[in-house]
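# Remarks on the overall topology
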Amino acid sequence: MAAEGDFDCDLVIIGAGLTGLSLACWLLELSRQEKQRLPTVHLLEPRTDYHNDRTWCFWDKDHHPFRKLISHRWFHWQVSKGLHKVSQSSKRTPYAMLPAGKVYQHALGCVESCPEFKLRQGVTVEDMEASADGVLISTSTGRFRACAVIDTRPPVASQLSQYPGFWQVFTGYEIHCPGHGYSTDAARLMDFQPGEGHVCFVYLLPLDQDNLLVEWTEFSPGGELPDCQERLEAWLNAQNFKEYTVNRSESAALPMIPISRSRQQGRVIKAGVGAGWMRAATGYHFATCQRNSAELAGQVLAAAASGHWDLRPFESRKRWLDWMDRVFLRALRRHPEAAPDWFMGLFAVTKAEQMARFMNDQPRWRDAIAVAAALPTGPFLRAAFS
Ligand SMILES: Cc1cc2nc3c(=O)[nH]c(=O)nc-3n(C[C@H](O)[C@H](O)[C@H](O)COP(=O)(O)OP(=O)(O)OC[C@H]3O[C@@H](n4cnc5c(N)ncnc54)[C@H](O)[C@@H]3O)c2cc1C
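Residues numbered from 1 in each chain as written. Predicted model: local features only at pLDDT ≥ 70, side-chain atom pairs only at ≥ 80, totals over all residues. Heavy atoms only, no water.

## Notes on the site of the ligand
The following threshold applies: Proximity is defined per residue: if any heavy atom of the residue lies within 4 Å of a molecule or strand, that residue is considered near it. Polar contact criterion, stated in full: a pair of N or O atoms within 3.5 Å, where within protein one must be able to donate a hydrogen and the other to accept it, and residues adjacent in sequence count only if both atoms are side-chain atoms. Computed with a 1.4 Å probe, the accessible areas rest on the Shrake-Rupley method; for each residue, only the protein chains presented here act as cover. Going along the chain from the N terminus, every DSSP run of H or I of four or more residues is numbered as a helix, and every run of E of two or more is numbered as a strand. Note that Gly is not counted as nonpolar here; it falls among the polar residues with everything else outside the nonpolar set of Ala, Val, Leu, Ile, Met, Phe, Trp, Tyr, Cys and Pro and the charged set of Asp, Glu, Lys and Arg. Where each domain begins and ends is defined by an automated method or by a domain database.
Lining the immediate surroundings of the ligand are 32 residues, of which Thr19, Glu45, Arg47, His285 and Phe286 lie closest. In the environment of the ligand, a nitrogen atom lies 3.1 Å from a nitrogen or oxygen atom belonging to the backbone of Thr55. Within the backbone of Val125, an N or O atom sits 2.9 Å from a nitrogen atom of the ligand. Burial of the ligand by the protein chains amounts to 87% of its free accessible area of 980 Å². Looking at the shell around the ligand, the elements that each hand over two or more residues are helix H1 (18-33), strand E2 (41-45), strand E3 (55-59) and strand E16 (245-256). Among the elements that line the shell around the ligand, the one with the most residues is E16, at 4 residues. A breakdown of the residues in the shell around the ligand according to their chemical character gives 17 nonpolar, 10 polar and 5 charged. Counting contributing residues, the shell around the ligand receives three or more from each of domain 1 (9-54 + 98-160 + 258-306) and domain 2 (166-256).

In structure tokens:
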């Protein structure tokens, strides 16, 4: 523990999950590129072990520090309901998958190789106090002092706005299933299933001819969350697979609820899902996380160079896109039974590149207009003006 007045480091990053580790990798990359001094950074993380606990999927367009680790790319993707299927294809912007295990391994290697960085595992942050000349961070293992803090802890209930949204609940299995019969060319983003009054679909990524990632997903309006594992197993058992073995599983309940953004600036700034980087209408976060981490890492390098630690919140995505998402969520709450047709219509009418930009939080005006035009006017106008 540092004595009062001492600084343990320039920057503390609270949480070394996707955002914390992305920030570290971007700091390293940008400091090398721009030949700037790296600040000293402590990453504080409660977990003592990292597991291959999830996969990150996104439309692969831009550079980021983990791009070489992408394990699969699909140049076609589809949504379907029963026998009705809509497909899109793009040679330039495939749908891509990154296993978390590879990301963690690479990022932890970067952190370890860099004398300015220290990952402190088994450390839970309990409290923070910012003053004019630094931040005092109280943790389960003692106190740290830093010039500035980036806080990537997940949102707490009070940060979730009162806006009616959903919980995106899912369980996924990576299964070995010899000769499963699915074409390995296309990612199946949503295969809609009959639901109990809310949106249910199977998400299926053919990894090769013998392996699949299959997830059962539901948009639950709240209350008791559905048992997606039971439903996934029932769905798997109803397929004509001769046999399958489960090699890995993942599950989550992601808030499809807008996060109140902090306007706080200065020595403490929020980042990651807790800062609203995850898209409320989709649960996608990875591509935005990379863009925003690069932006924040640039600010940190500038602050370290000038000694003036004033980190500023920035627009993590266009405000009008957040507004579109809120309207979409409201319309979906009112008409969950219509969701399959809305999604099918959306993918049928828009171009693949437009959807890729829209889903990655980088739509142009024309893309947004194409999306709005693909959706039925009545329910969306009522949702917009209610
Ligand atoms: C199973 C799963 C699959 C997903 N798939 C996708 C996908 O395909 N595409 C996509 O774009 N998004 C996906 N997401 C959503 C999102 O990308 C991930 O949740 C992502 O990990 C969020 O990054 P984060 O850094 O904000 O949070 P996390 O990765 O959860 O990191 C937050 C960190 O803060 C730490 N922490 C918590 N409390 C404290 C404390 N008090 N003190 C210090 N540290 C603390 C945690 O231990 C954790 O390491 C998925 C999420 C899950 C759960």
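From this point, the narrative continues.
## Notes on the environment of Thr245
Stated precisely, the cut-off is as follows: For this analysis, residues touch if any pair of their heavy atoms sits within 4.5 Å.
Residue position: Thr245 is located in strand E16. On a C-alpha basis, the gap between Thr245 and Tyr182 in space is 17 Å, while along the polypeptide they are 63 residues apart. Aside from chain neighbours lying at most four places away, what touches Thr245 is Glu174, Ile175 and His176.

## Some words on the pattern of salt bridges
Quick reminder of the rule: Any carboxyl oxygen of Asp or Glu that lies within 4 Å of a side-chain nitrogen of Lys or Arg is treated as forming a salt bridge with it. To sort residues, take the accessible area from a 1.4 Å probe on protein chains only and compare it with the maximum for the residue type: under 20% means buried, over 50% means exposed, and anything in between is partly exposed.
Under the criterion given, the structure shown has 19 salt bridges. A salt bridge links Asp10 to Arg37, with the nearest nitrogen and oxygen atoms 3.7 Å apart. Here Asp10 is found in strand E1 (residues 9-14), whereas its partner Arg37 is found in the loop between H1 and E2, with 27 residues between them in sequence. Take Asp10: its relative accessible area is 14%, and that puts it in the buried class. With relative accessibility at 48%, the residue Arg37 sits in the partly exposed group. Note that Arg312 is salt-bridged to Asp310, the shortest N-O span being 3.0 Å. Connected through salt bridges with shared partners, the residues Arg279, Arg317, Asp322, Asp325 and Asp361 form a single ionic network.

## Focus: the nonpolar core
To keep things clear, this is the line we draw: Here the nonpolar core consists of buried residues drawn from Ala, Val, Leu, Ile, Met, Phe, Trp, Tyr and Cys, with membership extended through side-chain atoms lying within 4.5 Å.
One finds Leu11, Leu27, Trp56, Phe66, Leu98, Phe117 and Ile150 to be the most contacted residues of the largest nonpolar core, which totals 50 residues. Of all elements in the fold, only E1, H1, E2, E3, strand E7 (95-99), helix H2 (100-113), strand E11 (142-151) and helix H4 (286-306) reach the threshold of two or more residues within this core. Of the residues forming this core, the biggest block, 10 residues, is contributed by H4. Counting 49 residues, the second-largest nonpolar core is a separate cluster that includes Trp77, Phe201, Met324 and Ala383.

## Points about the side chain of Asn360
Residue placement: Asn360 occurs in the loop between helix H7 (352-359) and helix H8 (365-374). With relative accessibility at 6%, the residue Asn360 sits in the buried group. Here Trp59 takes part through its backbone oxygen, which lies 2.6 Å from a polar atom of the side chain of Asn360. Look past the residues within four positions of Asn360 in its chain and what remains in contact with it is Phe58, Trp59, Ala287, Thr288 and Arg291.

## Quick word on the domain arrangement of the protein chain
Worth spelling out the cut-off: Throughout, the accessible surface (probe 1.4 Å) given up by two parts as they are put together, summed over both, is called the buried area.
Domain assignment breaks the protein chain into domain 1 (9-54 + 98-160 + 258-306), domain 2 (166-256) and domain 3 (319-385). Between the C-alpha centres of domain 1 and domain 2 there is a distance of 31 Å. The partner domain 2 presents 7 residues to the 10 residues of domain 1 that form the contact. Surface buried jointly by domain 1 and domain 2 totals about 750 Å² across both partners, of which 60% is contributed by carbon and sulfur atoms. At the boundary of domain 1 and domain 2, one finds 0 salt bridges.

## A few points about the environment of Val41
Within the secondary structure, Val41 is located in strand E2. When its relative accessible area of 1% is taken as the criterion, Val41 is described as buried. The spatial distance from the C-alpha of Val41 to the C-alpha of Pro115 is 9.5 Å, given a sequence separation of 74 residues. Setting aside its immediate chain neighbours within four residues, Val41 contacts Cys9, Leu11, Ile13, Leu27, Glu116, Phe117 and Lys118.

## Points about the sheet that holds E7
Cut-off, in case you're wondering: At least two bridges found by DSSP between two strands is the condition for calling them paired. Lines fitted to C-alpha atoms define the axes, with helix axes restricted to the stretch in contact, and inter-axis angles between N-to-C directions lie between 0 and 180 degrees.
Pairing in this open sheet of 3 strands is antiparallel, and the strands run E3-E7-E4 from one edge to the other. A strand with exactly one partner marks an edge of an open sheet, and here the two such strands are E3 and strand E4 (72-74). The average angle at which neighbouring strand axes cross in this sheet is 20°, direction not considered. Inspection of the sheet shows E4 paired to E7 by 3 bridges, in the antiparallel sense. Its bridge partner being in E7, His72 is matched across the sheet by Met97.

## Structural notes on the environment of Ala148
Within the secondary structure, Ala148 is located in strand E11. On the basis of relative accessibility, which here comes to 0%, the residue Ala148 falls in the buried class. Placed 18 residues apart in sequence, Ala148 and Ala130 show a C-alpha to C-alpha distance of 8.5 Å.

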